[in-house]
Amino acid sequence: MKNVYFLVAFAIAFVSCKNETKQEEEVAKVEKIPGIVLENMDTTVNPKDDFYNYVNGNWMKNTEIPEDRTRWGGFGVLRKKTDDDVLGIIKEAKESGKYAAGTDQNKAILIFEAIMDTVARDKAGIEPLKPVLAKIDAAKSVEDLVNVLTSEPAASSPYVGFTSFPDLNNSEINAPYVSTGGLGLPDRDYYLDQDDKSKEIRGQYVDHITRMLQYLGDSEEDARRAAEKVLAIETKLAEPRLDKVQSRDARNFNNPRSIAQLTEMTPAIDWNKFIKDLGVTKQLDTVMVLQPKYMTALQEVITGTDIEDLKTVVRWSTLNSAAGALSTEIEKANWDFYSKTLRGALKQRPLNERALARVNGSVGEAIGQLYVDAKFPPEAKAKAEKMIANVIKAYQKRIEKLDWMSDSTKLKAIEKLDKFTVKIGYPDEWEDYSKLDIKEGNSNFDNMIAVNNWNFKKSMAEIGEPVDKTEWGMSPQTVNAYFNPLFNEIVFPAAILQPPFYNYTADEAVNYGGIGAVIGHEISHAFDDSGARFDAEGNLKNWWTDADLEAFTERGNSLAEQYDGIEVLDSVFINGKFTLGENIGDLGGVLGAFDGLQLHFAENGRPEPIDGFTAEQRFFMSWATVWRTKIRDDALRTQIKTDPHSPGGVRAIQPLLNVQAFYDAFDIKQGDQMYLEPEKRVSIW
């Protein structure tokens, strides 16, 4: 069973010095540029009326979304560059022959090569999946089916998941969690919404399942009948789940229950046997039931559905999960629905990039060690550390000046800020993959199962054990950043510390408007409508007075209403409540970074204008540059349904409308299109 439920989505000491000369060469190659690329601007546009196109207009006109992408912008460009860098590192590592069998780097190379071996994959076809499919088919009862799900790493559970995670009430200890199972469509709303587009997608999903099941030997008629049953049962499994707004409130997941209470919810499953069969050796008295309403409804689904139909859903879920590890034809069919139909992609990404994504997702730190050694200069980390310190200091000053928060709550907020753990670049201790069973001769499918099995066993072994807060949730070559409320930490992998987010040779205004605002964004997640429910120790504990919480909630509601009014496609609006945490992050991030820049100037002096733009102007221009985005309509529609982030073009502009310093920098006055009346602006942090 490989359903791992990630409770908190926040978009998780050995430093190699073998390659110092190479690092110095890379530093020398960094182009010393001022940061803002003037050619991307459209200066015929008035920044007071359309700031986004003033900064990005020529880029928007001259840039096409690559056929193998569904969106393109600062993140996409940098991810492509980083992928190219890492592919070169893998090639060099393979050709060097210095990574012996059994080393973590050799395992990464073997995983990569097995994916690239399309001849072997196509020859194997569906054969690797047949043993587990036979066991599913042989099940005569619910008990038999549960036994397959708990004993077979290749079996995927659409009904229930089990994992470990830090305890919401004691973040120092890993607790067991019972979660919902996986669904074939991206979100609950796809099953329940009654608009024409959702109905169309459900029909296309049935067509997709019908196509895929024929690879298992089903006739088209049998496959379609099975597909319709899958949709019907998955709809029953979708309805009792928390919706995407409810899922942002961690309190809804804080449901410790005894095994006896869990058994009362879903008696069709022998929970003591289930847990033991998953390899949990500790005696469990209590488990965290993420969604009790779902577990009660699951009992009705299990007892009210014929065993053959229950097996059909497991059969589909197992094929769907394994599709990327089977033949290229099956992988392409899977892409046709999930990327082409749902997101509007025109072309698959190159095989080597798809292989790299799998390596990064399975043994990312093994390659991350080589990436850091080759591509991350020490100067970049040192300068980023200073910037983070300034933004945190600025954030504290902002908290101290709040007029809506009491002194007692301010002290708690500052305590949380003081206890932040900041991780930059790469882990102090690298992940140990020695127990991961990757060896010469493994097929692509073998490696997928080995990775799943290793991850799951690791998760089960951690139950009841102290949380290792040195672990990272992202590899160094990931272009992203995150806040983890259970660790009270902000994390910035090495790969995001590059242009357009960060160029340690560029002027500070550009860096603070780029990575500085990203830093502020992650800090703000500690104080958004979700992160603010966790205290300085990472526990789900209220540290607010009633009056302060009410004032905070009112301000959050006002920001949500502001975003609710933004129409991104015909009759498609942003969901302000769903995106509230990210929107608070953007607004707080811009303000914290702007104030951090002022602290830098106070210490180091104010620079002269560059290219005719003041430092403050360049700060806001840098922010708008970071979020420039082109996106296909289908991808945008999917993003609105599934992604708690607002679209890039909105992120570039909407937070600025609430920031007085932006109006001052560009002399924006009433009557200008970028002007938002002061009474409509929102101020939180």
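The next point concerns the overall build of the protein chain. Regarding its fold elements, the protein chain presents 26 helices and 11 strands. Its C-alpha radius of gyration of 26 Å places the protein chain within 12% of the 26 Å reference for a compact globule of 685 residues. Summarising its shape, the C-alpha atoms of the protein chain cover approximately 75 × 60 × 50 Å along the three principal directions. Residues classed as buried in the protein chain amount to 58% of the 685 residues present. When the accessible surface of the protein chain is totalled, it reaches about 28,200 Å², and 49% of it is carbon and sulfur. Each charge class in the protein chain was averaged separately, 81 positive and 107 negative side chains, and the resulting centres sit 2 Å apart.

Okay, the pattern of salt bridges next. Side-chain pairs of opposite charge can arise whenever the charged atoms involved come near each other. Throughout the structure, instances matching the rule amount to 50 salt bridges. We note a salt bridge from Asp42 to Lys61, for which the minimum N-O separation is 2.8 Å. Of this pair, Asp42 sits in the loop between helix 1 (20-29) and helix 2 (51-62) while Lys61 sits in helix 2, placing them 19 residues apart in sequence. On the basis of relative accessibility, which here comes to 8%, the residue Asp42 falls in the buried class. The salt bridge partner of Arg618 is Asp507, with a shortest N-O separation of 2.8 Å. Taken together, the positions of Arg618 in helix 23 (residues 615-626) and Asp507 in the loop between strand 8 (489-493) and helix 20 (508-525) put the pair 111 residues apart, joining distant regions of the chain. For the pair Arg618 and Asp507, one class covers both residues: buried. In this structure, a network of salt bridges that share partners links the residues Asp68, Arg69, Lys80, Asp84 and Glu353.

Attention now moves to the pairing of strand 2 (residues 160-166). Put simply, side chains in a regular strand alternate between the two faces of the sheet. Along strand 2, seven of the seven residues are buried, which leaves the element largely enclosed by surrounding structure. Across seven bridges, the pairing between strand 2 and strand 3 (residues 174-180) is antiparallel. Bridge pairing in strand 3 links Thr163 to Tyr177.

Bringing the sheet that holds strand 5 (residues 286-289) into the picture now. Taken together, four strands build an open sheet; the order of strands is 2-3-5-4 and the sheet is mixed. Every other strand in the sheet has two partners, leaving strand 2 and strand 4 (256-258) as the edge strands with one partner each. Recorded for the sheet is a direction-independent mean angle of 40 degrees between the axes of neighbouring strands. Pairing of strand 3 with strand 5 involves two bridges; the strand directions are parallel. Looking across to strand 5, one finds that Tyr177 is bridged to Met288.

Core analysis: the biggest nonpolar cluster contains 133 residues, and Phe51, Phe501, Ile523, Phe527, Phe620 and Trp685 have the highest contact counts within it. The greatest single-element share of this core, amounting to 11 residues, is contributed by helix 16 (residues 351-375). The residues contacting Phe51, other than those within four sequence positions of it, are Phe620, Met621, Ala624, Ile653, Leu656, Phe662, Phe666 and Met674. Tyr190, Val230, Ala322 and Ile463 belong to the second largest nonpolar core, which has 72 residues in total.

For the rest of this paragraph, the subject is the packing of aromatic side chains. The relation between two aromatic rings is expressed through the spacing of the ring centres and the mutual angle of the planes. With the rule as written, the count across this model stands at 33 aromatic pairs. Seen from their ring centres, Phe527 and Trp543 are 6.4 Å apart, and the 85 degrees between their planes marks the pair as edge-to-face. Here Phe527, found in the loop between helix 20 and helix 21 (546-564), pairs with Trp543, found in the loop between helix 20 and helix 21; they are 16 residues apart in sequence, far enough to count as distant. Three or more aromatic residues joined by ring pairs make a cluster, and in this case those are Phe51, Tyr54, Phe594, Phe619, Phe620, Phe662, Tyr663, Phe666 and Tyr675. The ring of Phe578 is capped by Lys244, whose NZ or CZ atom sits 5.4 Å from the centre of that ring. Positioned over the ring face of Trp627 is Arg651, at 3.7 Å from the centre of the ring.

A few words now on the sheet that holds strand 7 (residues 482-484). Across the sheet, which stays open at both edges, the three strands sit in the order 6-8-7 with mixed pairing between neighbours. Bordering the open sheet on either side are strand 6 (421-425) and strand 7, each of which pairs with just one other strand. Averaged over all pairs of adjacent strands, the angle between strand axes in this sheet comes to 15 degrees, irrespective of strand direction. Of the strand pairs in this sheet, strand 6 and strand 8 are connected by five bridges, and their pairing is parallel. Directly across from Gly425, in strand 8, lies its bridge partner Pro493. Sitting on the sheet, helix 17 (residues 378-401) touches strand 6 and strand 8, and the angle it makes with strand 6 is about 150 degrees. Where helix 20 meets the sheet, its contacts fall on strand 7 and strand 8, and the angle it forms with strand 8 comes to roughly 150 degrees.

Counting buried positions along strand 8 gives five out of five residues, so the element sits mostly inside the fold. Relative to strand 8, strand 7 runs antiparallel, the two being bridged by three bridges. Residue pairing across strands places Asn484 opposite Glu489, the latter belonging to strand 8. Linking strand 7 back to strand 8 in an antiparallel pair, the connection comprises four residues, with Asn488 at a positive phi of about 50 degrees.

With that settled, consider the environment of Phe165. Position of Phe165 relative to the elements: it lies in strand 2. Among the residues examined, Phe165 registers a relative accessible area of 14% and is labelled buried.

A word on the environment of Leu402. Mapped onto the secondary structure, Leu402 falls in the loop between helix 17 and helix 18 (407-418). For Leu402, a relative accessible area of 10% translates into the label buried. Apart from the residues lying within four places of it in its own chain, the contact partners of Leu402 are Lys410, Ile684 and Trp685.

The step from Pro499 to Pro500 runs through a cis peptide bond, and the omega angle for that step is 10 degrees. You can see Pro500 is positioned in the loop between strand 8 and helix 20. In this structure, Asn488 takes a positive phi of about 50 degrees despite not being glycine. Within the chain, Asp611 stands out as a residue other than glycine whose phi angle is a positive 55 degrees.

Take the packing of helix 22 (residues 580-604) against helix 23 next. Contact geometry of helix 22 with helix 23 gives a least axis separation of 11 Å together with a crossing angle of 145 degrees. When the axes of helix 22 and helix 23 are compared, the crossing they make is right-handed. Between helix 22 and helix 23, the contacting residues are Asp586, Val590, Ala593, Phe594, Leu597, Gln598 and Phe601 on the first element and Ala615, Glu616, Phe619, Phe620 and Trp623 on the second. Residues that form the contact of helix 22 with helix 23 fall into these classes: nine nonpolar, one polar and two charged.

Another aspect to go through is the confidence of the model for the protein chain. A low pLDDT score tells you not to read the predicted coordinates there in detail. Across the protein chain, the average pLDDT comes to 94, with 95% of residues at or above 70. Contacts from residues 1-32, a stretch scored under 50 in pLDDT, to residues over four places away or in other chains number 85 contacts.

About the cut-offs
- Residues numbered from 1 in each chain as written.
- Predicted model: local features only at pLDDT ≥ 70, side-chain atom pairs only at ≥ 80, totals over all residues.
- Heavy atoms only, no water.
- Helix = DSSP H or I, 4+ residues; strand = E, 2+ residues; numbered from the N terminus.
- Rg over C-alpha atoms; globule rule 2.2 N^0.38 Å.
- Buried < 20%, exposed > 50% of the residue type's maximum accessible area, 1.4 Å probe, protein only.
- Areas by Shrake-Rupley, 256 points an atom, 1.4 Å probe, with all protein chains shown as cover.
- Lys, Arg positive; Asp, Glu negative; His and termini not counted.
- Charge placed at Lys NZ, Arg CZ, Asp CG, Glu CD.
- Salt bridge = Lys/Arg side-chain N within 4 Å of Asp/Glu carboxyl O.
- Pairing = 2+ DSSP bridges.
- Axes fitted to C-alpha atoms, helices over the stretch in contact; angles between N-to-C directions.
- Core = buried A, V, L, I, M, F, W, Y, C linked by side-chain atoms within 4.5 Å.
- Contact = heavy atoms within 4.5 Å.
- Phe/Tyr/Trp six-rings, centres within 6.5 Å; stacked < 30°, edge-to-face > 60°.
- Lys NZ or Arg CZ within 6 Å of the ring centre and 35° of its normal.
- Left-handed = near helix turned anticlockwise from the far one by under 90°.
- Nonpolar A, V, L, I, M, F, W, Y, C, P; charged D, E, K, R; others polar.
- pLDDT = per-residue confidence, 0-100.

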